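If you want the building blocks of each chain, they are given just below.
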Amino acid sequence: QKDGYRFFMEKEIYEQSVVISDTLMGRLSDDEIIFDELDKTLFDGIKEIKLCACGTSYHAAMSASYLFERYSKIKTSLEIASEFRYRDPIMTKDTLFVVISQSGETADTLETLKMAKAAGLKTLVICNVDNSSMVRLADATILTRAGIEKGVASTKAFATQVTVFWMLSLYVAKLKNSLTQKEIASHISTLREIPSHVKVSDEMHERIKRLSKRYLHGHGFFFIGRDVFYPLALEGALKLKEISYLHAEGYPAGEMKHGPIALADPELFTIALLPKHLHYEKAKSNVEELSARDSTICAISQIAFERADDFIEISECDHYMLEFFEMMVVVQLLSLEISIRLGNDVDMPRNLAKSVTVE
Ligand code: M6R
């Protein structure tokens with residue numbers, strides 16, 4: 001049931017606060033991440049983590065690659081499942097092979113899990129569906145607890161995947177002593193704040209509804225960000241493509257000058273992710289370059305950005321990952337409202353299925 005929401009996607013965006021609380025439940029002590037479902041020996045002798053997924057789950061995996069290298073100090077690589085399957089990859093037994101999937105049934109991702117198992121690698125699945133094919137096959141599972149996701153465009157599953165990955169990066173950091181006890185404790189208190197940062201305020205939703213009317217036409221969108229905000233930019237662009245059928249691309253902000261900026265003009269909309277606590281000045285100067293070439297800029301930040309045509313202010317946060325979750329909700333709502341204005345069926349976008357069980 002939609003419980004008064006216009007679409008399941010909207011309901012699922014609003015549910016994120018509750019499902020993230022569920023994902024955190026029982027897994028945080030004051031100074032330690034608890035994954036009762038994991039045997040600590042899973043990480044014995046592991047020198048590399050390889051993350052493999054499709055679509056939105058791939059974007060969550062990409063954000064994890066930044067967190068694992070930053071906090072767990074473990075080499076991390078990233079694979080698109082449909083590519084990995086056919087490119088004769090080298091697999092070594094000191095690699096933990098991690099697949100990420102909302103459904104646990106995506107054909108390409110499932111096949112890569114079979115390949116990793118056949119090569120004798122240890123495997124872990126981050127999944128939302130208990131007893132799915134991937135859960136049955138992997139050596140270990142962490143469930144994301146997002147509940148049933150009906151909208152074809154994934155929202156709450158992504159939110160819980162990133163939450164799990166942040167926790168897992170700290171769990172590994174503890175095993176490897178790559179963060180101090182104090183640093184882990186400080187992360188844990190920040191993790192507890194996520195649910196309040198993904199709550200949708202009426203004011204924010206109204207603002208995005210109003211502003212969405214500027215973004216119905218034009219010849220395309222760039223979503224840009226740096227570091228973990230790059231996978232979030234990719235995810236924002238994918239959301240918009242899927243349900244509005246408008247052309248959108250996600251880019252690392254620093255890449256614009258290597259080609260894409262040639263497209264800049266007033267009909268090119270730039271959605272700029274400008275976190276205060278991570279590379280702010282660098283990202284800001286990339287956005288200024290686009291603005292100087294007359295691109296229409298919609299900036300999302302806690303710091304007012306005078307060169308923006310539209311500015312969406314997020315709540316005050318003192319950690320870049322909280323800014324990540326705040327901005328995640330903004331890009332989800334923006335896609336939702338643009339799609340609704342265009343008269344599309346948000347939950348059943350053309351040409352797409354919820355689960356891609358054929359290759
Ligand atoms: O169930 P999975 O997470 O394995 O699905 C992977 C993709 O098919 C999925 O994330 C897809 O990209 C969504 N429609 C994104 O909104």
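See above for the structure.
Everything in this summary refers to the structure shown in the same document. Keep in mind it's a predicted model, so treat the numbers as computed, not measured. (Residues numbered from 1 in each chain as written. Predicted model: local features only at pLDDT ≥ 70, side-chain atom pairs only at ≥ 80, totals over all residues. Heavy atoms only, no water.)

All right, on to the site of the ligand then. If you check the shell around the ligand, you find 13 residues, and the closest are Ser-57, Ser-101, Gln-102, Thr-106 and Glu-242. The contact in question runs from a nitrogen atom of the ligand to an N or O atom on the side chain of Glu-242, over 2.6 Å. In isolation the ligand offers 420 Å² of accessible surface; the protein chains occlude 90% of this area. Taking a 2 Å distance to the grid points as the criterion, the majority of the atoms of the ligand fall inside the largest pocket. At the level of secondary structure, the elements contributing two or more residues to the shell around the ligand comprise helix H3 (55–72) and helix H11 (229–244). Split by residue class, the shell around the ligand holds three nonpolar, eight polar and two charged. (Near = heavy atom within 4 Å. Polar contact = N/O pair within 3.5 Å; in protein donor to acceptor, adjacent residues only side chain to side chain. Areas by Shrake-Rupley, 256 points an atom, 1.4 Å probe, with all protein chains shown as cover. 1 Å grid on protein atoms, 1.4 Å probe; cavity = no way out; pocket = protein on both sides within 12 Å on 5 of 7 lines; lining within 4 Å. Sits in = over half its atoms within 2 Å of the grid points. Helix = DSSP H or I, 4+ residues; strand = E, 2+ residues; numbered from the N terminus. Nonpolar A, V, L, I, M, F, W, Y, C, P; charged D, E, K, R; others polar.)

This part covers the packing of H3 against helix H7 (residues 156–176). In contact at an axis separation of 9 Å, H3 and H7 are set at 25° when each is read in the N-to-C sense. Taken as axis vectors, H3 and H7 run roughly parallel relative to one another. Relative to H7, H3 is oriented so that their crossing is right-handed. Note on element contacts: H7 touches H3 through Phe-158, Gln-161, Val-162, Phe-165, Trp-166, Leu-168, Ser-169, Val-172, Ala-173 and Lys-176, opposite Thr-56, Ser-57, His-59, Ala-60, Ala-61, Ser-63, Ala-64, Leu-67, Phe-68, Tyr-71 and Ser-72. Counted by class, the contact of H3 with H7 contains 13 nonpolar, seven polar and one charged residues. (Axes fitted to C-alpha atoms, helices over the stretch in contact; angles between N-to-C directions. Parallel < 35°, antiparallel > 145°, perpendicular 65-115°, else oblique. Left-handed = near helix turned anticlockwise from the far one by under 90°. Contact = heavy atoms within 4.5 Å.)

Attention now moves to the pairing of strand E2 (residues 75–80). Here strand E1 (residues 48–53) pairs with E2 via six bridges, running parallel. Bridging from a neighbouring strand, Glu-48 pairs with Lys-75 of E2. Remark: the E1/H3/E2 crossover connection has right-handed handedness. (Pairing = 2+ DSSP bridges. Right-handed = clockwise from strand over helix to strand, strands pointing away.)

Taken as a whole and assessed by the stated rule, the structure comprises 21 salt bridges. Across the salt bridge formed by Glu-79 and Arg-87, the nearest N and O atoms sit 2.6 Å from each other. In this structure Arg-87 comes out as partly exposed when scored by relative accessible area, which is 38%. Note that Glu-149 is salt-bridged to Lys-354, the shortest N-O span being 2.8 Å. Taken together, the residues Glu-149 in the loop between strand E5 (140–143) and H7 and Lys-354 in the segment after helix H13 (320–341) connect sequence positions 205 residues apart. Residue Glu-149 is classed as buried on the basis of its relative accessible area of 6%. Given a relative accessible area of 30%, Lys-354 falls into the partly exposed group. Each of Asp-3, Lys-11, Glu-15 and Lys-156 takes part in a single network of salt bridges with overlapping partners. (Salt bridge = Lys/Arg side-chain N within 4 Å of Asp/Glu carboxyl O. Buried < 20%, exposed > 50% of the residue type's maximum accessible area, 1.4 Å probe, protein only.)

A positive phi is found at Arg-145, a non-glycine position, where the angle reads about 60°. Positionally, Arg-145 belongs in the loop between E5 and H7. A positive phi angle is found at Asp-294, which is not glycine, with a value near 75°. Within the secondary structure, Asp-294 sits in the loop between helix H12 (280–292) and strand E9 (296–301). Given a relative accessible area of 47%, Asp-294 falls into the partly exposed group.

On to the sheet that holds E1, then. The five strands lie next to each other as E2-E1-E3-E4-E5, forming an open sheet whose pairing is parallel. The open sheet terminates on both sides in strands that have one partner only, identified here as E2 and E5. Direction aside, neighbouring strands of the sheet carry axes that sit 20° apart on average. As judged from the five bridges shared by E1 and strand E3 (residues 95–101), these two strands associate in the parallel manner. Considered in E3, the bridge of Ile-49 is made with Leu-96. Its contacts with the sheet place H3 against E1, E2 and E3, and it is angled at close to 170° to E2. The strands touched by helix H5 (residues 107–118) within the sheet are E1, E3 and strand E4 (122–127), with E3 carrying the most contacts at an inclination of about 160°.

Purely geometric numbers; function is a separate question.
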